[in-house]
Amino acid sequence: MSRPIIEARDVTRTFPGRGGAPAFQALKGVSTALHAGETLGLVGESGSGKTTLARVMVGLESATSGEVRFQGGALKTRADWRALRREVQYVFQDPFTALCPTMRIGAALAEPLAIHGLCPHAERADRVTQMLGLVGLHPDTARRLPSQLSGGQRQRVNLARALMVEPRALICDEIVSGLDVSVQAQILALLVDLQQRLDLALIFISHDLRVVRYLCDRVQVMLLGEIVEEGPVAQVFDNPQHDYTRALLAAIPDRARAAEATDGD
Ligand SMILES: Nc1ncnc2c1ncn2[C@@H]1O[C@H](COP(=O)(O)OP(=O)(O)OP(=O)(O)O)[C@@H](O)[C@H]1O
Ligand SMILES: [Mg+2]
């Protein structure tokens, strides 16, 4: 297999305890790797360390021990991390907090170009219009503020912002969990479409195992800061080896499972 775009090797992360509380080990030696074009699902109950792992992988959080590697190499300098932060974009769960409330959408989308010194100034407005189109938004959206958009529109903007710098990979952390079910489906369809058009690799963090099964090639199951099971989605979902994976699968609502069982007919 080709060398991964991004990789975590035996990463631990301990958060210091506050006010006399003991330190908390959120990651207990996690290894993962994302290869070009693939979709890797990351599932596990709340607090299992999914977001912490994602944040460590893009340098928003430091590892206590272990290593993050980018395109096969160690990350030694700030420039290395900057290169990673361009190629691997972290898409936040909540577009309300991800977008500055007083910045118009056009400016918010142009900002990553300025940060990374991409695209001549005079061409940035065109790039913004083009990107709005790619995520299914009207060009006029550029003049709006985040508060003037629906939740689904905001998440489209959030995706557009991540894509402005032409990354190779996105880490999508619960990006549809705050949305109505019908809007969720639209955003997921958009994500699949963008992935195919732009040849993106994805880490898809989700509580919704049905969506993970539909979207992902491989899945890793996290429990209490560790990966307890991993493999191709069909293998893990049809023949789970770990009790915790079985429990997660058993928690999928019955109607959904019934629908899944008739999927292949
Ligand atoms: N900055 C921090 N300081 C202290 N503890 C933290 C910090 N960030 C995360 N934690 C703890 O680390 C654990 C893992 O959190 P994390 O957000 O990674 O979980 P998660 O799997 O993403 O959960 P969810 O599904 O709810 O988003 C939790 O117990 C959390 O309280
Ligand atoms: Mg999380």
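Please read these numbers as outputs of a predicted model, since none were measured by experiment.

Participant: How would you explain the overall build of the protein if you had to name every residue and give the values?
Facilitator: Along the protein, the regular secondary structure elements total 11 helices and 10 strands. Reported as C-alpha extents along the three principal axes, the dimensions of the protein are approximately 55 × 50 × 45 Å. Taken across its 265 residues, the protein has 46% of its residues classed as buried. Sequence separation of at least 24 residues holds for 67% of the intrachain contacts in the protein that already meet a minimum separation of 6. Only carbon and sulfur atoms are counted for the fraction: they give 50% of the accessible area of the protein, which is about 13,200 Å². The average position of the 29 basic charges and that of the 30 acidic charges among the side chains of the protein differ by 7 Å.

Participant: Quick one: what's the story with the packing of helix α4 (residues 105-115) against helix α6 (residues 151-163), residue by residue and with numbers?
Facilitator: The N-to-C vectors of α4 and α6 enclose an angle of 25 degrees; their axes lie 8 Å apart at closest approach. The pairing of α4 with α6 is recorded here as roughly parallel in orientation. Note that α4 runs across α6; the crossing there is right-handed. Along the contact surface, α4 presents Ile105, Ala108, Leu109, Glu111 and Pro112, while α6 presents Val157, Ala160 and Arg161.

Participant: Describe the packing of aromatic side chains, naming the residues involved and giving the relevant values.
Facilitator: Enumeration according to the criterion identifies 1 aromatic pair in this entry. For the pair Tyr90 and Phe92, a centre-to-centre distance of 4.9 Å together with 85 degrees between the ring planes defines the contact as edge-to-face.

Participant: Give a description of the sheet that holds strand β4 (residues 65-70) that names residues and reports values.
Facilitator: Whether parallel or antiparallel, the strands of a sheet pair through hydrogen bonds between backbone atoms. The strand order across the open sheet formed by 4 strands is β2-β1-β4-β5, and the pairing between neighbours is antiparallel. One side of each edge strand has no neighbouring strand; the edge strands of this open sheet are β2 (24-34) and β5 (73-74). Bridge count between strand β1 (residues 6-15) and β2: 8 bridges; the pairing is antiparallel. Bridging across to β2, Thr12 finds its partner in Lys28. Sheet strands in contact with helix α2 (residues 78-87) are β1, β4 and β5, and its direction is about 65 degrees off that of β4.

Participant: How would you summarise the environment of Leu224 if you had to cite specific residues and measurements?
Facilitator: By the secondary structure assignment, Leu224 is in the loop between β9 (218-223) and β10 (226-232). Along the sequence, Leu224 and Leu27 sit 197 residues apart, while their C-alpha atoms lie 7.6 Å from each other. With near-sequence residues (within four places) excluded, Leu224 lies in contact with Lys28, Glu45 and Ser48.

Participant: Got a sec to walk through the side chain of Ser206? Specific residues and values, please.
Facilitator: Secondary-structure assignment places Ser206 in the loop between β8 (201-205) and α8 (209-215). Polar contacts involving the side chain of Ser206 include one to the main-chain amide nitrogen of Asp208, which spans 2.8 Å.

Participant: Give me the lowdown on the site of ligand 1, citing residues and values where you can.
Facilitator: In the vicinity of ligand 1, the residues found are Phe15, Phe24, Ala26, Glu45, Ser46, Gly47, Ser48, Gly49, Lys50, Thr51, Thr52 and His207. Between ligand 1 and the protein, one listed contact pairs an oxygen atom with a side-chain N or O atom of Ser46 at 2.4 Å. Residue Ser48 places a main-chain N or O atom 3.2 Å away from an oxygen atom belonging to ligand 1. In the complex, the protein chains occlude 65% of the 640 Å² of accessible area that ligand 1 would expose alone. When contributions to the shell around ligand 1 are tallied by element, the ones reaching two or more residues are β2 and α1 (50-57). Ranked by residues supplied to the shell around ligand 1, first place goes to α1 with 3 residues. Counted by class, the shell around ligand 1 contains 3 nonpolar, 7 polar and 2 charged residues.

Participant: Outline the environment of Gly29, supporting the account with residue identities and numerical values.
Facilitator: Inspection of the secondary structure assignment puts Gly29 in strand β2. Separated by 144 residues in the primary sequence, Gly29 and Asp173 have C-alpha atoms spaced 20 Å apart. Those residues in contact with Gly29 that lie beyond four places of it in its chain are Asp10, Val11, Thr12 and Gly225.

Participant: I'd like a description of the sheet that holds strand β7 (residues 169-173), backed by residues and values.
Facilitator: Pairing in this open sheet of 6 strands is mixed, and the strands run β6-β7-β8-β3-β9-β10 from one edge to the other. The sheet is open, and its two edges are formed by β6 (88-91) and β10, each paired on a single side. Ignoring strand direction, the axes of neighbouring strands in this sheet form an average angle of 15 degrees. Relative to β8, β7 runs parallel, the two being bridged by 5 bridges. Bridging across to β8, Cys172 finds its partner in Phe204. Of the strands in this sheet, β6 and β7 are in contact with α6, which crosses β6 at around 165 degrees. Running over the sheet, helix α7 (residues 181-198) touches β3 (39-43), β7 and β8 and is turned about 155 degrees from β8.

What counts and what doesn't
- Residues numbered from 1 in each chain as written.
- Chains lettered and ligands numbered in written order.
- Predicted model: local features only at pLDDT ≥ 70, side-chain atom pairs only at ≥ 80, totals over all residues.
- Heavy atoms only, no water.
- Helix = DSSP H or I, 4+ residues; strand = E, 2+ residues; numbered from the N terminus.
- Buried < 20%, exposed > 50% of the residue type's maximum accessible area, 1.4 Å probe, protein only.
- Contact = heavy atoms within 4.5 Å.
- Areas by Shrake-Rupley, 256 points an atom, 1.4 Å probe, with all protein chains shown as cover.
- Lys, Arg positive; Asp, Glu negative; His and termini not counted.
- Charge placed at Lys NZ, Arg CZ, Asp CG, Glu CD.
- Axes fitted to C-alpha atoms, helices over the stretch in contact; angles between N-to-C directions.
- Parallel < 35°, antiparallel > 145°, perpendicular 65-115°, else oblique.
- Left-handed = near helix turned anticlockwise from the far one by under 90°.
- Phe/Tyr/Trp six-rings, centres within 6.5 Å; stacked < 30°, edge-to-face > 60°.
- Pairing = 2+ DSSP bridges.
- Polar contact = N/O pair within 3.5 Å; in protein donor to acceptor, adjacent residues only side chain to side chain.
- Near = heavy atom within 4 Å.
- Nonpolar A, V, L, I, M, F, W, Y, C, P; charged D, E, K, R; others polar.

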